[in-house]
Amino acid sequence: MYLNRNFVEFPTELDLKDCKNICQFDFDLKYELRSVIEHFGTPHFGHYIASKKVGDEWIHCNDKKISKVNVETVLRSNAYMLFYDKIWYFYNCGVLGFW
């Protein structure tokens, strides 16, 4: 088994408007990055670290140590897994929300 350690660039906002023809719905397909998981070790053994967006701040969680980090630090991480939340636009009341 092989663990790919190549850096992959990822956005804080993901817009899937180019994939709209796959979907039957006619609304915005935008997602905001909410969490990033990093893995250190081998495919069979290792350690996981998480960064999570809480409000407008990013929190870095490493076992018992939790600290604030900036978004640039998160975007430079060697992501193992990314989590995005759907951004819902409620046009009739002008409210932006997450599902």
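Predicted, not measured: the structure shown is a model, and the values here were computed from it. (Residues numbered from 1 in each chain as written. Predicted model: local features only at pLDDT ≥ 70, side-chain atom pairs only at ≥ 80, totals over all residues. Heavy atoms only, no water.)

Things to note about the packing of aromatic side chains
Counted according to the given criterion, the structure contains one aromatic pair. The aromatic ring of Tyr31 is capped on one face by Lys86, whose charged end is 5.6 Å from the ring centroid. (Phe/Tyr/Trp six-rings, centres within 6.5 Å; stacked < 30°, edge-to-face > 60°. Lys NZ or Arg CZ within 6 Å of the ring centre and 35° of its normal.)

A look at the pattern of salt bridges
Should the charged atoms of two oppositely charged side chains come close, the side chains can pair. Under the criterion given, the structure shown has four salt bridges. Among the salt bridges present, the one from Arg34 reaches Asp85, with a minimum N-O distance of 3.3 Å. Here the residue Arg34 occupies a position in strand 2 (residues 30-41), and Asp85 occupies one in strand 6 (residues 79-90), the gap between them amounting to 51 residues. Owing to a relative accessible area of 28%, Asp85 belongs among the partly exposed residues under this scheme. One network of salt bridges, in which partners are shared, links Glu32, Arg34, Lys53 and Asp85. (Salt bridge = Lys/Arg side-chain N within 4 Å of Asp/Glu carboxyl O. Helix = DSSP H or I, 4+ residues; strand = E, 2+ residues; numbered from the N terminus. Buried < 20%, exposed > 50% of the residue type's maximum accessible area, 1.4 Å probe, protein only.)

Examining a nonpolar patch on the surface
A cluster of nonpolar residues, Tyr48, Tyr80, Met81 and Phe83, forms a patch on the protein surface that exposes about 410 Å² of accessible area. Element by element, the count of residues in the nonpolar patch is highest for strand 6, at three residues. The residue Tyr80 is located in strand 6 in this model. (Patch = residues over 30% accessible without salt bridge, like charges linked within 9 Å, V, L, I, M, F, W, Y side chains within 5 Å. Areas by Shrake-Rupley, 256 points an atom, 1.4 Å probe, with all protein chains shown as cover.)

Concerning the layout of surface pockets
Approximately 190 Å³ is the volume attributed to the largest pocket. Residue lining of the largest pocket: Leu3, Asn4, Arg5, Asn6, Val8, Glu38, His39, Phe40, Asn78, Ala79 and Tyr80, and that is the complete set. Ranked by the residues each element gives to the lining of the largest pocket, the list is headed by strand 2, at three residues. (1 Å grid on protein atoms, 1.4 Å probe; cavity = no way out; pocket = protein on both sides within 12 Å on 5 of 7 lines; lining within 4 Å. Points joined across faces, edges and corners; volume = space filled by probe spheres on them.)

Things to note about the side chain of Lys53
Along the chain, the position of Lys53 falls in strand 3 (residues 46-54). Judged by relative accessible area, which is 14%, Lys53 ranks as buried. A polar atom in the side chain of Lys53 sits 2.4 Å from the side chain of Glu32. In this structure Lys53 touches Glu32, Leu33, Arg34 and Trp58, once residues within four positions along its chain are discounted. (Polar contact = N/O pair within 3.5 Å; in protein donor to acceptor, adjacent residues only side chain to side chain. Contact = heavy atoms within 4.5 Å.)

So, the confidence of the model for the protein chain
Across the protein chain, the average pLDDT comes to 84, with 79% of residues at 70 or higher. Averaged pLDDT values for the elements of the protein chain fall to 53 in strand 7 (residues 95-98) and rise to 97 in helix 1 (residues 71-75). (pLDDT = per-residue confidence, 0-100.)

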